[in-house]
Amino acid sequence: MADSPAPAPTTTADRPTKIIAGADPFGAPLKDALVSHLRETLHIEVEDLGTGPYYSVAADVGRRVSSSGGTETRGLVACGTGCGVSMFANKFPGAFAGTCLSVADAVNARSINNSNILAVSALSTPPGTAVEILRAWLDTPFKSPCPASGDQPWSDDLQEFLDRALIETPKIGAPTSEPDDSASCAICCLAKRRELNPIDMIPGGSMKIIRETPTSAIVRFKAGSVEPAHHHTFGHDLVVLEGKKSVWNLTKKERYDLVVGDYLFTPSGDVHRVKYHEDTEFFIKWDGHWDMFFDEDLETAKKAIDNEESASSLA
């Protein structure tokens, strides 16, 4: 035996002052009937977005309800099943669409989920039933007795849970206050949550191989670190991701001061010395096995850099 529909509450205290409506071609006739009832019988303002593909028109409704930021504006969407429009209306933080095929569904959606977008099925719901569903959904306050609670008031524990959900659920899908800078760069994403291994031959450095053949790695150095003059049997490309460094190509007698976004290619065999002025991270790529041949020791490198910086400050 089928359950009988729950009676619609009679209060109008929590009715919204505005409804944003939209439908696909299958749901348009039902949407139009409900919009007419809202305007002519209930005297509620309606912004009718008309008819379109179920995914785009529902997304438009969800976006506008989400951005309204209050309880005075709700949404109404319709398609053949009521499911497709519900999915896409729900893509936005604070938009809570529920597909309701009965008055009981509508009362539950408002009482438990504080639904602010009603999704209806044109294939399953005659206009008269849809009006009953709409009115139940409009007039049911959050946390009120409903079929799911046996039409009894919610217990204190469950009311506390529903109150907490009302605060926490709008945060889902919302932008975080602190942007994830690494997500904006494909190279940075390669290093995200990767543990770098210390470079034993150079204090202050660490490296993580992220690809083999051609080999690439993310390298980090602490501020003040120095790479003594050295060379490799391979050329390498690098891009600075964070910080500031200076590279002296002693073979070519050139100096390169690199900051975020700068690129440098060093040919194989070129002797070069490096100083890190800030905590620095860079992406480096080379062909072949890693090797490193030192042409001076660390103390000699530091003295040479100090002498050059002293001379520059006096110039």
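The structure presented is a predicted model; accordingly, all values stated were derived computationally and were not measured.

K.L.:
Quick one: what's the story with the nonpolar core, residue by residue and with numbers?
P.N.:
In this structure, Ile-19, Leu-34, Leu-38, Leu-76, Leu-118 and Leu-138 are the most contacted members of the largest nonpolar core, which totals 30 residues. At the level of elements, strand E1 (18–23), helix H1 (28–40), strand E3 (73–79), helix H4 (103–113), strand E5 (117–121) and helix H5 (127–139) are the ones that each hand at least two residues to this core. When residues in this core are grouped by element, the largest group, seven residues, is from H5. With residues near it in sequence (within four places) discarded, Leu-76 still touches Ile-19, Ile-20, Ala-21, Gly-22, Leu-34, Leu-38, Val-61, Ile-117, Leu-118 and Val-120. Core analysis: the next-biggest nonpolar cluster, separate from the first, contains 18 residues, Phe-234, Val-240, Trp-286 and Met-292 among them.

K.L.:
Quick rundown of the sheet that holds strand E9 (residues 226–231)? Include the residues and the values.
P.N.:
Spatially, E12-E11-E14-E9-E16 is the arrangement adopted by the five strands of the open sheet, whose pairing is antiparallel. Pairing within the sheet leaves two strands with one partner each, and these edge strands are strand E12 (254–259) and strand E16 (293–294). With five bridges joining them, strand E11 (residues 244–249) and strand E14 (residues 272–276) adopt antiparallel strand pairing. Looking at the pairing, Asn-249 lines up with His-272 of E14.

K.L.:
Explain the sheet that holds E5 residue by residue, including any values.
P.N.:
Each strand in a sheet pairs with another by means of backbone hydrogen bonds, the pair being arranged parallel or else antiparallel. In spatial order, the strands read E2-E1-E3-E5-E4; together these five strands make up an open sheet with parallel pairing. The open sheet has two free edges, formed respectively by strand E2 (45–51) and strand E4 (97–99), since each of these has just one partner strand. Pairs of neighbouring strands in the sheet enclose a mean axial angle of 20°, with direction left out of account. The pairing of E3 with E5 spans five bridges and is classified as parallel. Pairing of Val-77 across the sheet is with Ala-119, part of E5. Packed onto the sheet, H1 meets E1, E2, E3 and E5 and runs at close to 165° relative to E2.

K.L.:
How would you sum up the confidence of the model for the protein? Please name residues and give values.
P.N.:
Close inspection of predicted coordinates is inappropriate in any region flagged by low pLDDT. On average, residues of the protein score 86 in pLDDT, and 87% of them are at 70 or above. Considering only residues more than four positions removed or in separate chains, one finds that residues 1–10, a stretch of pLDDT under 50, has ten contacts.

K.L.:
Any chance you could break down the packing of aromatic side chains for me, citing the residues and the numbers?
P.N.:
Taken as a whole and judged by the stated rule, the model has six aromatic pairs. Ring centres 6.2 Å apart and planes at 5° place the aromatic pair Tyr-276 and Phe-282 in the stacked group. Both residues of the pair, Tyr-276 and Phe-282, count as buried. A network of ring pairs unites the aromatic residues Tyr-54, Tyr-55 and Phe-88 as a single cluster. In this arrangement the basic side chain of Lys-91 is found over the ring face of Phe-88, its NZ or CZ atom lying 5.6 Å from the centre.

Procedures and definitions
- Residues numbered from 1 in each chain as written.
- Predicted model: local features only at pLDDT ≥ 70, side-chain atom pairs only at ≥ 80, totals over all residues.
- Heavy atoms only, no water.
- Core = buried A, V, L, I, M, F, W, Y, C linked by side-chain atoms within 4.5 Å.
- Buried < 20%, exposed > 50% of the residue type's maximum accessible area, 1.4 Å probe, protein only.
- Helix = DSSP H or I, 4+ residues; strand = E, 2+ residues; numbered from the N terminus.
- Contact = heavy atoms within 4.5 Å.
- Pairing = 2+ DSSP bridges.
- Axes fitted to C-alpha atoms, helices over the stretch in contact; angles between N-to-C directions.
- pLDDT = per-residue confidence, 0-100.
- Phe/Tyr/Trp six-rings, centres within 6.5 Å; stacked < 30°, edge-to-face > 60°.
- Lys NZ or Arg CZ within 6 Å of the ring centre and 35° of its normal.

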